[in-house]
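Analysis of the macromolecular model
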Amino acid sequence: MDRFDTARDAAFALRPDEPVYCFRPEVLVADANQFRQAFPGKTAYAVKTNGERLVLEVLAKAGMNCFDVASPAEFAAVRAVAPKAELLYMHPVKAQSDIRLALETYRIRSLALDHEDEVAKILKIVRGLDLDPEEITLFVRIAVRGHAAYELSKKFGATPAHAVELVRRIAHIGFKVGLCFHVGSQVEDTDTYERALASAAWVRARAGVEIAALDIGGGFPAAYGADPRRAQPPAPDTTALIEEVVHEAKEWGFADLSLVAEPGRVIVARSFSLIVRVLLRKGRRLYINDGIWASLSDSWTGRITLPARLLPDPARRRRTGDKSKIVPFKVCGATCDSVDILSRPFFLPETVDTGDWIEIGNIGAYSLSLRTRFNGFYPDTFVEVATIFEAAGPAESSAALETMAD
Ligand SMILES: *Cc1c(COP(=O)(O)O)cnc(C)c1O
């Protein structure tokens, strides 16, 4: 893979017409280490966030030895680069054949569920393989309500009363019992975790059986951009957030349990930026070569303002407008689909024009893992970049108010 000092160097050297992912392995290692140092329990990287081989390889080399996986393809992807890593199969609804594969071939011993029929499916295979239930921890997923860019509790989780029944049932069979929740993604306040911890404490007290572990899921936020015309939100402080959640877990009486977390976004977001090209400027609209069907669907559904930096094409001689004036541009994606328009604008200098490149920062999470081949566009070009996104100059969408001309 080609390595450049900055994304600007990569854009000007390659002059790419297709989107280019700029990978920063050093940033990935730093962010993974930061999380693991701040969190006193077991850190399981959530593979769905970004399951590229190069990401998993770097994480494994950095000592990540536990992964949250949801499908046979994810089991295989992790084992290919980290044969000894522990896998946690935290999808609450699983195919019978996948449960068998997990237990038999991959020797997975931690699984999540939120319904008694899932217990029956797992038990059938445990009996068929003649395994001791005592070797297996079943995590009962508790539904939580909260405030995330993505709400996932509408889909998964048992109500606390139902969770109590499930906990008793699986303890009675002889499985080890865990509790888990996942508050959603890009969760910026700790209240959501606190509500989930309160539910877990209630379930534990009611169930009256031994609980072996508590898995607090993922959801920790990454830093993105912001509308420069508004007050700037403070960048999330990962270490402080983790410390607070762990502190609350202790307050709710979980100090004696082994803790697990399943971070995805917070570990991988900063390790990629993306160079896109402006295919056409039409007034205050930019048509770019990526979009919601490729790398940018997460920002679309999550209504995230992406940090964007203009890399003006040096070959363009004439420009109109004031380059110190930052204005919002509506961003249209590469496909012919009319919904392929980002839900938030890019804030860029007024001078941006056809042929320029834009570097989108902190795009490592839910970007390339969600790209499709729709309409024949499939970004798949990678370079390595040494300089962190923030260090290569201001991103206009997170720039301070003083840079605004009006
Ligand atoms: C997606 C997911 C995660 C990772 O969430 P992030 O917000 O990326 O940290 C963790 N656990 C479960 C169960 C998930 O579905």
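For clarity, every value in this text was computed on a predicted model and none was experimentally measured.

In total, this model carries 24 salt bridges according to the counting rule given. With its nearest N and O atoms 3.0 Å apart, the salt bridge here joins Arg-3 to Glu-26. Here Glu-26 lies in helix α2 (residues 25-38) and Arg-3 lies in strand β1 (residues 3-4), a separation of 23 residues in the sequence. Linking Arg-277 and Asp-313 is a salt bridge whose minimum nitrogen-to-oxygen distance equals 3.6 Å. Here the residue Arg-277 occupies a position in strand β12 (residues 272-282), and Asp-313 occupies one in the loop between β14 (308-311) and β15 (326-332), the gap between them amounting to 36 residues. Owing to a relative accessible area of 11%, Arg-277 belongs among the buried residues under this scheme. Within this structure, Arg-15, Asp-17, Arg-277 and Asp-313 form a network of salt bridges that share partners.

Moving on to the side chain of Asp-68. With respect to the helices and strands, the residue Asp-68 is situated in strand β5 (residues 66-69). Within the buried set, Asp-68 has no salt-bridge partner at all; the shortest N-O distance to an opposite charge, 5.8 Å, is to Lys-48.

Of the two faces of strand β17 (residues 357-360), the one holding Trp-357 and Glu-359 and the one holding Ile-358 and Ile-360 are both buried throughout. Pairing of β12 with β17, which is carried by four bridges, proceeds in the antiparallel orientation. Counterpart to Arg-277 in the pairing with β17 is Trp-357. Here four bridges tie β14 to β17, and the two strands are oriented antiparallel to one another. Bridging from a neighbouring strand, Leu-311 pairs with Trp-357 of β17.

Among all positions in helix α4 (residues 72-81), only Glu-74, Phe-75, Val-78 and Val-81 are buried. Across the axial projection of α4, the buried residues extend over an arc of 150 degrees, all falling on one side. Residues of α4 that are buried sit in contact with α3 (53-61), β5, β6 (86-89) and α5 (96-105).

The next subject is unusual backbone geometry. Its identity as a non-glycine residue notwithstanding, Gln-186 has a phi of 60 degrees, on the positive side. Relative to the helices and strands, Gln-186 resides in the loop between β9 (176-180) and α8 (191-207). The exposure class assigned to Gln-186 is buried, which follows from its relative accessible area of 6%. Despite not being glycine, Asn-375 shows a phi value in the positive range, around 65 degrees. Overall, the relative accessible area of 37% leaves Asn-375 in the partly exposed class.

As a further point, take the packing of α2 against α3. Two numbers describe how α2 lies on α3: the axes approach to 10 Å, and their chain directions differ by 50 degrees. Judged by the angle between their axes, α2 and α3 are oblique. In terms of crossing hand, the pair formed by α2 and α3 is right-handed. Only Val-55, Val-58 and Leu-59 of α3 make contact with α2, whose side of the interface consists of Pro-25, Leu-28, Val-29 and Ala-32. Considering only residue class, the contact of α2 with α3 consists of seven nonpolar, no polar and no charged.

Within the secondary structure, Thr-372 sits in the loop between β17 and β18 (381-385). The spatial distance from the C-alpha of Thr-372 to the C-alpha of Gly-253 is 44 Å, given a sequence separation of 119 residues. When near neighbours in sequence (up to four residues on either side) are disregarded, Thr-372 contacts Trp-293, Ala-294, Phe-377 and Tyr-378. A distance of 3.1 Å separates the side chain of Thr-372 from the backbone nitrogen of Phe-374, its partner in a polar contact.

In this section: the sheet that holds strand β11 (residues 258-261). Across a sheet, strands are paired by hydrogen bonds formed along the backbone, either parallel or antiparallel in direction. With parallel pairing, the nine strands of this open sheet are ordered in space as β3-β11-β10-β9-β8-β7-β6-β5-β4. One side of each edge strand has no neighbouring strand; the edge strands of this open sheet are β3 (42-43) and β4 (45-46). Direction of pairing for strand β10 (residues 213-215) relative to β11: parallel, over a ladder of three bridges. For Leu-214, the partnering residue across the bridge sits in β11 and is Leu-259.

The next point concerns a nonpolar patch on the surface. There is a patch of nonpolar side chains on the surface, built from Trp-293, Trp-300, Val-339 and Phe-374 and spanning about 330 Å² of accessible area. With respect to the helices, strands and loops of the structure, Trp-293 is situated in the loop between β13 (285-288) and α11 (297-301).

A grouping of Asp-191, Glu-194, Glu-244 and Glu-251 is seen on the molecular surface, where their side chains present a negatively charged patch. Looking at the negative patch, the elements that each hand over two or more residues are α8 and α9 (238-251). Turning to its location among the elements, Asp-191 is positioned in helix α8.

With respect to the secondary-structure elements, Val-246 resides in helix α9. Looking at Val-246, the relative accessible area reads 8%, which means it is buried. Along the sequence, Val-246 and Asn-362 sit 116 residues apart, while their C-alpha atoms lie 26 Å from each other. Leaving out residues up to four positions away in the same chain, Val-246 has contacts with Phe-39 and Pro-40.

Turning next to the site of the ligand. What surrounds the ligand is a group of 15 residues, the closest being Lys-48, Ser-185, Glu-262, Arg-265 and Tyr-366. The contact in question runs from a nitrogen atom of the ligand to an N or O atom on the side chain of Glu-262, over 2.5 Å. Taking Tyr-366, its side chain carries an N or O atom lying 2.6 Å from an oxygen atom of the ligand. The protein chains hide 92% of the 390 Å² of surface that the ligand would expose on its own. Here the shell around the ligand is built from residues that sort into three nonpolar, seven polar and five charged.

Cut-off values and rules
Residues numbered from 1 in each chain as written. Predicted model: local features only at pLDDT ≥ 70, side-chain atom pairs only at ≥ 80, totals over all residues. Heavy atoms only, no water. Salt bridge = Lys/Arg side-chain N within 4 Å of Asp/Glu carboxyl O. Helix = DSSP H or I, 4+ residues; strand = E, 2+ residues; numbered from the N terminus. Buried < 20%, exposed > 50% of the residue type's maximum accessible area, 1.4 Å probe, protein only. Lys, Arg positive; Asp, Glu negative; His and termini not counted. Pairing = 2+ DSSP bridges. Arc of directions from axis to C-beta. Contact = heavy atoms within 4.5 Å. Axes fitted to C-alpha atoms, helices over the stretch in contact; angles between N-to-C directions. Parallel < 35°, antiparallel > 145°, perpendicular 65-115°, else oblique. Left-handed = near helix turned anticlockwise from the far one by under 90°. Nonpolar A, V, L, I, M, F, W, Y, C, P; charged D, E, K, R; others polar. Polar contact = N/O pair within 3.5 Å; in protein donor to acceptor, adjacent residues only side chain to side chain. Patch = residues over 30% accessible without salt bridge, like charges linked within 9 Å, V, L, I, M, F, W, Y side chains within 5 Å. Areas by Shrake-Rupley, 256 points an atom, 1.4 Å probe, with all protein chains shown as cover. Charge placed at Lys NZ, Arg CZ, Asp CG, Glu CD. Near = heavy atom within 4 Å.

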